[in-house]
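Reading the structure
Each chain, letter by letter, is given below.
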Amino acid sequence: MILWGSVFFTAGASLPALGAGIVADSTAIMREKGGITLTIGLSEPVAFQVFTLDNPRRLLVDLGETDLAAMPSGMAEDIPEVSDFRYGLFQPGESRIVLDLARPMLLETAQNGRSPEGNPLIRLHLTPATADEFAAKAAPPGRGVWRGGATEAKVEGAAGLPIIALDAGHGGLDQGARQGEAVEKDIVLQMALVLRDTLLEDGRFRVVMTRQEDVFIPLGERVEIARRAGADAFISLHADVVTLGRARGTTVFSLSEASKDQQAVTIATLENRSDLVAGISVVGEGDDLTQILLQMAYRETDAFSSRFGDVLAEALWFQNDSEIKSRRMAAGFRVLRAPDIPSVLVELGFMSDKADLENLLDPEWQQGMSETLLGGLLRWFEVEAEMRGLLRN
Ligand SMILES: [Zn+2]
């Protein structure tokens, strides 16, 4: 039996149970009956929904908020049908498990059960299918789309001050880059929190954060959070691993649709993968007229963002005391496309570089970096005030 649409809920559990968690002993992936079986052991029954997405082929299991900390993280290692496996908080109240499928496989059965110890189980069995069958049964666009509007971001700081939107890249089941034990989503959240405290202590800015915990936020929603808050500037923080060439030090990026720099393009491609990694469908970016209006707004903001990027890069330049210098690049980042907010993306350092990674994990370095960014922000507001003064005269 092949199930269409593939939506299931556990009986008697239409509302997500709070406090449910994964039971490691009864959670596993097994090869059996010509396919694979994913068994999820739970401490309490949880509402769930299963669907598949194409390009790339994935199986997604959404659960009501569930503590996934006990998930046996290596359980897909010996399963050739599963090329990657990740999990995390997808949005408030919803956790997600994603299996990247190395070959087309369809959900044949989804069942509730009980382990010998009496724990509730979700048991999903997948069997091989053709690429066409898989494509035909992948969830249509619209399903698996992030609900949106679920995030409430509060603005901190005294009324009347300029608002800086701080965006810690990645989060939840989008881990970002990884280097050994170090995970980008954690490093940049830590840095964003230090920067927030630095800005608030200084007392000349207000702050809104796109995320304050380990949760997934789609790229477009990050921009929306900044816009809803009326942010005056948007800073997205990242720390990536780069395999192309050697990358060290801090880089400030601003948006450019036609970047000629290959490394900038590579990094933008990595960052733009976030939504794909988390398994959301990226819905159309609007009709032609909207596009034209947006383009016009971008062009105007582009000059602001460019200047913003230049000033920040300059501030960082003076902070770096070794041969490592901050660079300024432009590339097509989706997270920088707020038409009306000057936006930059700061690659704080590269986890692939040993010295950079040590810095990124060092609280003293984090404090120094956040003070430099504060200095850059103050300088930028000065520059903008001067520009406005010049324009008026
Ligand atoms: Zn990143």
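Every value quoted in this text rests on a predicted model; they were computed, and no experiment measured them.

Secondary structure summary: the chain contains 8 helices and 19 strands in total. Across the 393 residues in the chain, those meeting the buried criterion constitute 52%. Excluding contacts between residues fewer than 6 apart, the proportion of contacts in the chain whose partners are at least 24 apart in sequence is 76%.

Here we take up the sheet that holds strand 7 (residues 82-91). If you trace the 4 strands from one edge of the open sheet to the other, you get 4-5-8-7, paired in antiparallel fashion. The open sheet terminates on both sides in strands that have one partner only, identified here as strand 4 (48-53) and strand 7. Neighbour to neighbour, the strand axes of the sheet diverge by 15° on average, direction disregarded.

Time to look at the pattern of salt bridges. Per the counting criterion, the structure on display carries 13 salt bridges. Of the charged contacts, one joins E81 and R103 as a salt bridge, the two residues approaching to 3.6 Å between their closest N and O atoms. Here the residue E81 occupies a position in the loop between strand 6 (66-67) and strand 7, and R103 occupies one in the loop between strand 8 (94-101) and strand 9 (105-114), the gap between them amounting to 22 residues. Note that R86 is salt-bridged to D100, the shortest N-O span being 2.7 Å. Of this pair, R86 sits in strand 7 while D100 sits in strand 8, placing them 14 residues apart in sequence.

If you walk across this open sheet you meet the 4 strands as 2-3-10-9, and the pairing is antiparallel. Edge strands, defined here as strands with exactly one partner in the open sheet, are strand 2 (28-32) and strand 9. The mean inter-strand angle of the sheet, taken between neighbouring strand axes irrespective of direction, is 20°. Across 9 bridges, the pairing between strand 9 and strand 10 (residues 120-128) is antiparallel. Within strand 10, the position partnered with G113 by the bridge is L121.

Attention now goes to the pairing of strand 16 (residues 233-238). Counting buried positions along strand 16 yields 6 of 6 residues, so the element is predominantly enclosed. Side chains A233, I235 and L237 project from strand 16 onto one buried face, and the interleaved F234, S236 and H238 project onto a second face that is buried too. Taken together, the 5 bridges between strand 12 (residues 163-168) and strand 16 define a ladder with parallel strand orientation. Residue pairing across strands places D167 opposite S236, the latter belonging to strand 16. Looking at chain direction, strand 16 and strand 19 (residues 343-347) are connected through 5 bridges and run parallel.

Enumeration over the complete set of coordinates arrives at 4 aromatic pairs. Their ring planes at 45° and their centres at 5.5 Å tell us that F85 and Y87 sit as a pair that is tilted. Taking relative accessible area as the criterion, F85 reaches 10% and is therefore assigned buried. Given the relative accessible area of 22%, Y87 is considered partly exposed. Aromatic side chains F205 and F381 sit 5.3 Å apart centroid to centroid with 50° between the ring planes, which places their arrangement in the tilted category. Of this pair, F205 sits in the loop between helix 2 (184-202) and strand 15 (206-209) while F381 sits in helix 8 (residues 363-392), and the two are 176 residues apart along the sequence. Among the residues examined, F205 registers a relative accessible area of 2% and is labelled buried. For F381, a relative accessible area of 22% translates into the label partly exposed.

When the terminal C-alpha atoms of helix 2 are compared, their 27 Å separation across 19 residues agrees well with the 27 Å that a helix rising 1.5 Å per residue should span. Taken as a whole, helix 2 has its buried residues at E184, K185, I187, V188, L189, M191, A192, V194, L195, R196, T198 and L199. Directly beyond the C-terminal end of helix 2, a positive phi value near 85° is found at G203.

Mapped onto the elements, D78 comes out in the loop between strand 6 and strand 7. Separated by 48 residues in the primary sequence, D78 and M30 have C-alpha atoms spaced 9.3 Å apart.

In this structure, L199, I235, L237, L348 and M351 are the most contacted members of the largest nonpolar core, which totals 39 residues. Mapped onto this core, the elements with two or more residues apiece are strand 12, helix 2, strand 15, strand 16, helix 6 (288-319), strand 19, helix 7 (354-360) and helix 8. Those residues in contact with I235 that lie beyond four places of it in its chain are I164, A165, L166, D167, F308, L312, V344, V346 and L377. Core analysis: the second largest hydrophobic core is formed by 32 residues, I40, M105, L106 and I122 among them.

Attention shifts here to helix 3 (residues 219-228). Those residues of helix 3 that fall on the buried side of the exposure criterion are L219, E221, R222, V223, I225 and A226. Downstream of helix 3 by a residue or two, G230 has a phi angle that is positive, lying close to 75°.

This part takes up the pairing of strand 8. Of all 8 residues that make up strand 8, 8 are buried, and the element is covered over most of its length. Because side chains alternate across strand 8, one face comprises the buried residues E94, R96, V98 and D100, and the other comprises S95, I97, L99 and L101, equally buried. Pairing analysis gives 7 bridges linking strand 5 (residues 58-64) to strand 8, with the strands arranged antiparallel. For L63, the partnering residue across the bridge sits in strand 8 and is S95. Of the strand pairs in this sheet, strand 7 and strand 8 are connected by 8 bridges, and their pairing is antiparallel. For G88, the partnering residue across the bridge sits in strand 8 and is R96.

Rules used in this analysis
Residues numbered from 1 in each chain as written. Predicted model: local features only at pLDDT ≥ 70, side-chain atom pairs only at ≥ 80, totals over all residues. Heavy atoms only, no water. Helix = DSSP H or I, 4+ residues; strand = E, 2+ residues; numbered from the N terminus. Buried < 20%, exposed > 50% of the residue type's maximum accessible area, 1.4 Å probe, protein only. Contact = heavy atoms within 4.5 Å. Pairing = 2+ DSSP bridges. Axes fitted to C-alpha atoms, helices over the stretch in contact; angles between N-to-C directions. Salt bridge = Lys/Arg side-chain N within 4 Å of Asp/Glu carboxyl O. Phe/Tyr/Trp six-rings, centres within 6.5 Å; stacked < 30°, edge-to-face > 60°. Expected span 1.5 Å × (residues − 1). Core = buried A, V, L, I, M, F, W, Y, C linked by side-chain atoms within 4.5 Å.

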